[in-house]
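Structural characterization, general
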There are 2 protein chains.
Amino acid sequence: MKQSELFTKTLREAPADEQSYNARALIQGGFINKEMAGVYDFLPLGLRVLNKIIAIIREEINGIGGQETFLASLQNPELWKKTNRWDDAVYDVWFKTKLKNDTELGLATTHEEPLTNLLRRHISSYKDLPKSIYHFQTKFRNETRAKSGLMRLREFIMKDAYSFHADEEDLNDYYEKMKAAYTNIFKRAGLGHLTYLTFASGGTFSKYSHEFQALTSAGEDIIYICEKCRVALNREIIEDVQHKCTECGNDKLKEEKAVEVGNIFKLKTKYSRPLGLVFMDEEGVSKDVVMGCYGIGPQRLMGTVVETLHDEKGIIWPEAIAPFRAHLLSLNKNDEAKKIYDDLSAAGVEVLFDDRELTAGEKFADADLIGIPYRIVVSEKSIKAGGVEVKKRNEKEAKIVETKDIVAVLKQ
Amino acid sequence: MKQSELFTKTLREAPADEQSYNARALIQGGFINKEMAGVYDFLPLGLRVLNKIIAIIREEINGIGGQETFLASLQNPELWKKTNRWDDAVYDVWFKTKLKNDTELGLATTHEEPLTNLLRRHISSYKDLPKSIYHFQTKFRNETRAKSGLMRLREFIMKDAYSFHADEEDLNDYYEKMKAAYTNIFKRAGLGHLTYLTFASGGTFSKYSHEFQALTSAGEDIIYICEKCRVALNREIIEDVQHKCTECGNDKLKEEKAVEVGNIFKLKTKYSRPLGLVFMDEEGVSKDVVMGCYGIGPQRLMGTVVETLHDEKGIIWPEAIAPFRAHLLSLNKNDEAKKIYDDLSAAGVEVLFDDRELTAGEKFADADLIGIPYRIVVSEKSIKAGGVEVKKRNEKEAKIVETKDIVAVLKQ
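I will try to describe carefully the structure that is included in this document. Not measured: the values here are computed from a predicted model. (Residues numbered from 1 in each chain as written. Chains lettered and ligands numbered in written order. Predicted model: local features only at pLDDT ≥ 70, side-chain atom pairs only at ≥ 80, totals over all residues. Heavy atoms only, no water.)

A short note on the overall build of chain A
Helix and strand counts for chain A come out as 12 helices and 23 strands. On C-alpha atoms alone, chain A measures out to a radius of gyration of 24 Å, which is about the 22 Å that the 2.2 N^0.38 rule sets for 412 residues. Projected onto its principal axes, the C-alpha coordinates of chain A cover approximately 80 × 60 × 45 Å. Here chain A holds 412 residues, and 60% of them are scored as buried. If you take every contact in chain A between residues at least 6 apart in sequence, the share linking residues at least 24 apart comes to 67%. On chain A, roughly 17100 Å² of surface is accessible, and the fraction owed to carbon and sulfur atoms is 46%. Mean positive and mean negative side-chain charge positions of chain A (60 and 64 charges, respectively) differ by 1 Å. (Helix = DSSP H or I, 4+ residues; strand = E, 2+ residues; numbered from the N terminus. Rg over C-alpha atoms; globule rule 2.2 N^0.38 Å. Buried < 20%, exposed > 50% of the residue type's maximum accessible area, 1.4 Å probe, protein only. Contact = heavy atoms within 4.5 Å. Areas by Shrake-Rupley, 256 points an atom, 1.4 Å probe, with all protein chains shown as cover. Lys, Arg positive; Asp, Glu negative; His and termini not counted. Charge placed at Lys NZ, Arg CZ, Asp CG, Glu CD.)

Structure below.
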């Protein structure tokens, strides 16, 4: 896309009213726009990143048999009363609203209740199990404080997956598959080196649940890392396990700040029982369906990437989720650059083409701020040197590439 | 996908609590699930249709320079007070809610206000114009009655596009491009033959706006068709034009029931003025930005297709938006059918493979209900006849195709 046509402009200064780095950088770069604390719009550059994260998650969840749906936001209180999650005194993140006839409704904060209820029509026998169902849908959460940019939102998309099983053994097997899929997701999104499988409290029924925590000084959580096992423990359980690694007994744990980028949880019959989701087993005995749930917030993941992968000049996007693969800067050489833009586009390379009438300094500053992985400069100087200048965002040195080779160099 | 693995089941009977054909058929076929009047979940088959409609719209709008965004649902009342659309007495479709500190918020019913306001940061000069910006985002509308299935929802996705221009001439040019894009969308989605460009009231500033109305007895609107010009007039303006075609003066207009599947509207400065969206023209004079807005609801389009394209046995999906291209029915021949399924899948043909343990009658009934364009039957009989039996959903006669030719026959 031509940058002269992109409707967003970068800002000279980061917005003063944002405390978090991720919101400051993303607003300054034109990725997002703030509507109010915890509520942001996604602009073309930001939506491209978000859609790439969503595509990675979708591919991994489809790969382990997930079936995609799209459940409604508006919620009937009756369902949530059955699981004791309607009363604000018990579950205090609801945004509530009303129909014209004064019937109270809620905006979904999560979707265990409606999906469990819906499956009562579709699961009746052990032959209908197991099933894995997910969607990407907006969640609304009435957070008291929302000041961490994309890391704590009042309105955000969540990929929430739910699995349904005949027994705990089958749930346990699927849970391991989901753990592996989550590990792939964080690795593919560029956060693998910072993300730790973290033991958390399992609630009433399970010994542990698991969070995926990414190390960042902007995180609201504290975790305790065992470097040997590459796992961590969260603050909830650290006392219970006497400050020792649950895997190897190591007591030299490292305390770090982190943010939860995903979680997986064995719900067992917590929702199936009150909502009446049962099945007939092979002997014709009615049993509660055994469930698991698995969440990732693509926007929080995006915010975490920005918090952890940047330098003083701006964002450094991992290749897999960058808004474009290449940022082509024309320094008064639009005709020559246009030819390269056309060649790269024809080869399927996603290029942002800075054809604007700006100084070299302004273009370089914007390229660093926006953080596209490959910067290609076409200038008098590069042409004299035999082609174009290519520099990776996370490297210092540029190199000259002959114009005829640029497609081969950039093509994945 | 194997139908034995699909989590949804068809129902023997259509739900008794639905008045509209589209909701009855879509629920019976397992495409959607009703949460409450006007609020539905999209299940795997339904989401596939919805995503295909969205993809067609996206392609057409990108084709005329649309830049995709994703604006938030939660709305700040201050913005809407400036355009006099916050007060329920004036604009009565809001769902309103509150932050914990009692600040009132709304759920977006449309997005003129936030987008116009956002563009104040990005448009300052005539050089920044024109721009065309859109998103697919949920709208919430507190409808008093919602009993037409997907044709009048309280929660629905809308593709709303907004264009921004330096003057009316430029708006008029772009408006014609959008008209052409809309015509393509309805044609590609299979409704071209039923959809009429319909003249509607233009409000204060324009002579006419345009609706795209699709003929259906389930529609809530009445339109007056001129068969010569292939346009229509809506009820609002029929008196003003003295029951004559605005194009050719024909007074033999045909009255029909229809549903509005899209609309395009010249807003001019209706929102830019109160919200202060201005630009400097070439002479350095500050002027109001001139706007247009353009809406389509993909779910309403889906509901309209079901209303208009079905027979007594079920839905007849147009090929471009069908959940799958082929429905492969194995009548006790799963091994032979599996081979065909693998071949078609490898060739990129989307196939729903009915490998369930059901009678032929049950499988045929489900295939007709679900309405996939090509039905392929593998049975003792078809194998004896030399291959598989292929029947199009909208044709009566099946024909035998040699197994080796099936990929060639089905590939688009």
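Looking at the sheet that holds strand E5 (residues 96–98) of chain A
All names here are of chain A. Ordered in space as E4-E6-E5, the 3 strands form an open sheet in which the pairing is antiparallel. In this open sheet, the two edge strands, each paired with only one partner strand, are strand E4 (74–75) and E5. Alignment of E4 against strand E6 (residues 104–107), held across 2 bridges, turns out to be antiparallel. By the bridge assignment, Leu74 is partnered in E6 with Leu107. (Pairing = 2+ DSSP bridges.)

Considerations on the sheet that holds strand E6 (residues 104–107) of chain B
Taken in spatial order, the 3 strands line up as E4-E6-E5 (chain B) in an open sheet, and their pairing is antiparallel. Every interior strand has two partners, whereas the edge strands, strand E4 (74–75) and strand E5 (96–98) of chain B, have only one.

Overview of the relation of the copies chain B and chain A
Expressed as a screw operation, the relation of chain B to chain A combines 0.0 Å of axial shift with a rotation of 180°, fitting to an RMSD of 0.0 Å. Look at the turn and shift together and you get a two-fold axis relating the two. Taking C-alpha positions as the reference, the residue of chain B nearest the rotation axis is B:Thr97, at 2.6 Å. (Least-squares fit on C-alpha atoms with pLDDT ≥ 70 in both.)

Comments concerning the pairing of strand E11 (residues 221–226) of chain A
All names here are of chain A. The buried fraction of E11 amounts to 5 of the 6 residues, a majority that puts the element mostly inside the structure. Direction of pairing for E11 relative to strand E13 (residues 254–268): antiparallel, over a ladder of 5 bridges. For Ile225, the partnering residue across the bridge sits in E13 and is Lys254. Relative to strand E12 (residues 231–234), E11 runs antiparallel, the two sharing 4 bridges. Opposite Cys226, over in E12, you have Val231 as the bridge partner. Joining the antiparallel neighbours E11 and E12 is a turn of 4 residues, in which Arg230 adopts a positive phi near 55°.

Focus on the interface of chain B and chain A
Accessible area lost upon the coming together of the parts is a frequently used measure of interface size. On the chain A side, the residues contacting the 54 residues of chain B number 54 residues. Taking both sides of the interface into account, the surface hidden between chain B and chain A amounts to around 5000 Å²; carbon and sulfur atoms contribute 59%. Summed over the three residues of chain B that lose the most area to chain A, namely B:Phe7, B:Phe70 and B:Lys100, the buried surface amounts to 15% of that side. In this assembly, chain B and chain A are joined by 4 salt bridges. No other element matches strand E7 (residues 131–140) of chain B, which puts 5 residues into the side of chain B that touches chain A. When the residues that make up the side of chain B that touches chain A are grouped by side-chain class, the tally is 25 nonpolar, 15 polar and 14 charged. (Buried area = accessible area lost by both parts, 1.4 Å probe. Salt bridge = Lys/Arg side-chain N within 4 Å of Asp/Glu carboxyl O. Nonpolar A, V, L, I, M, F, W, Y, C, P; charged D, E, K, R; others polar.)

A short note on the nonpolar core
Generally speaking, nonpolar side chains in soluble globular proteins are found buried as a group. Membership of the largest hydrophobic core comes to 69 residues, with the highest contact counts inside it found for B:Tyr182 and B:Trp317. Considering every element that reaches this core, the biggest residue donor is helix H2 (residues 44–63) of chain B, with 9 residues. Once you skip the residues sitting within four places of it in the chain, B:Trp317 turns out to touch B:Leu26, B:Phe31, B:Val49, B:Met302, B:Val305, B:Val306, B:Ala322, B:Pro323, B:Ile370, B:Gly371, B:Ile372 and B:Pro373. Counting 63 residues, the second largest nonpolar core, distinct from the first, contains A:Ala25, A:Ile57, A:Ile264 and A:Ala322. (Core = buried A, V, L, I, M, F, W, Y, C linked by side-chain atoms within 4.5 Å.)

Comments concerning unusual backbone geometry
Residue and element names in this part refer to chain A. Put simply, Leu129 and Pro130 share a cis peptide bond, and its omega is -5°. Within the element layout of this structure, Pro130 appears in the loop between helix H4 (112–119) and strand E7 (131–140). For Asn84, which is not glycine, the phi dihedral falls at a positive 60°. Residue position: Asn84 is located in the loop between helix H3 (77–82) and E5.

Details of the side chain of A:Glu307
Residues and elements named next belong to chain A. Within the secondary structure, Glu307 is located in helix H8 (residues 298–308). Nearest to the buried, unbridged Glu307 among oppositely charged side chains is Arg24, at 7.4 Å. Setting aside residues up to four positions removed in sequence, Glu307 forms contacts with Ser20, Tyr21, Asn22, Met151, Thr216 and Ala218.

Thoughts on the pairing of strand E23 (residues 399–402) of chain B
In this sheet, E23(B) lies alongside strand E22 (residues 387–392) of chain B in antiparallel orientation, the contact comprising 4 bridges. Among the inter-strand pairings, B:Val390 is bridged to a residue of E23(B), identified as B:Lys399.

A look at helix H10 (residues 360–370) of chain A
Among the residues making up H10(A), those that are buried are A:Lys363, A:Asp366, A:Ala367, A:Asp368, A:Leu369 and A:Ile370. Packing partners of the buried residues in H10(A) comprise helix H1 (21–28), helix H2 (44–63), strand E18 (314–315), strand E19 (326–330), strand E20 (351–354) and strand E21 (374–378) of chain A.

Observations concerning the packing of aromatic side chains
By convention here, two paired aromatic rings are described through the distance between centres and the angle between planes. What the rule picks out here adds up to 25 aromatic pairs over all chains. Measuring from ring centre to ring centre gives 4.8 Å for B:Trp86 and B:Trp94, while their planes differ by 55°; the resulting arrangement is tilted. For B:Trp94, a relative accessible area of 4% translates into the label buried. Put simply, the rings of A:Trp80, A:Trp86, A:Tyr91 and A:Trp94 pair up and form one aromatic cluster. Cation over ring: A:Arg85 sits above A:Tyr91, and NZ or CZ is 5.1 Å from the ring centre. One residue, A:Lys266, lies across the ring of A:Tyr175, its end atom 4.5 Å from the ring centre. (Phe/Tyr/Trp six-rings, centres within 6.5 Å; stacked < 30°, edge-to-face > 60°. Lys NZ or Arg CZ within 6 Å of the ring centre and 35° of its normal.)

With respect to the pattern of salt bridges
Residue and element names in this part refer to chain A. A full pass over the atoms with the stated rule returns 75 salt bridges over all chains. Here Lys81 makes a salt bridge to Glu78, at a shortest N to O gap of 3.4 Å. Of this pair, Lys81 and Glu78 are both found in helix H3, 3 residues apart, which corresponds to roughly one turn of the helix. Look at Lys81 and you get partly exposed, because its relative accessible area is 47%. Arg375 serves as the salt-bridge partner of Glu389, at 3.7 Å between the closest nitrogen and oxygen. One end of the pair, Glu389, is in strand E22 (residues 387–392); the other, Arg375, is in strand E21, and 14 residues separate them in sequence. Each of Asp354, Arg356, Lys363 and Asp366 takes part in salt bridges that share partners, so that together they form one network.

Some points on the environment of B:Leu277
All names here are of chain B. Mapping Leu277 onto the fold places it in the loop between helix H7 (272–275) and strand E14 (278–280). Residues Leu277 and Val290, 13 residues apart in the sequence, show an inter-C-alpha distance of 9.2 Å. In this structure Leu277 touches Thr116, Leu119, Arg120, Ile123, Phe164, Ser272, Lys287, Asp288 and Val289, once residues within four positions along its chain are discounted.

As for the packing of H2(B) against helix H5 (residues 168–188) of chain B
All names here are of chain B. Between H2 and H5, the shortest axis-to-axis distance is 9 Å and the interhelical angle comes to 155°. Classified by the angle their axes make, H2 and H5 are roughly antiparallel. The chirality of how H2 crosses H5 is right-handed. Contacts between H2 and H5 involve Ile56, Ile57, Glu59, Glu60 and Ile61 from the first element and Met178, Ala181, Tyr182, Asn184, Ile185 and Arg188 from the second. A class-by-class count of the residues in the contact of H2 with H5 yields 7 nonpolar, 1 polar and 3 charged. (Axes fitted to C-alpha atoms, helices over the stretch in contact; angles between N-to-C directions. Parallel < 35°, antiparallel > 145°, perpendicular 65-115°, else oblique. Left-handed = near helix turned anticlockwise from the far one by under 90°.)

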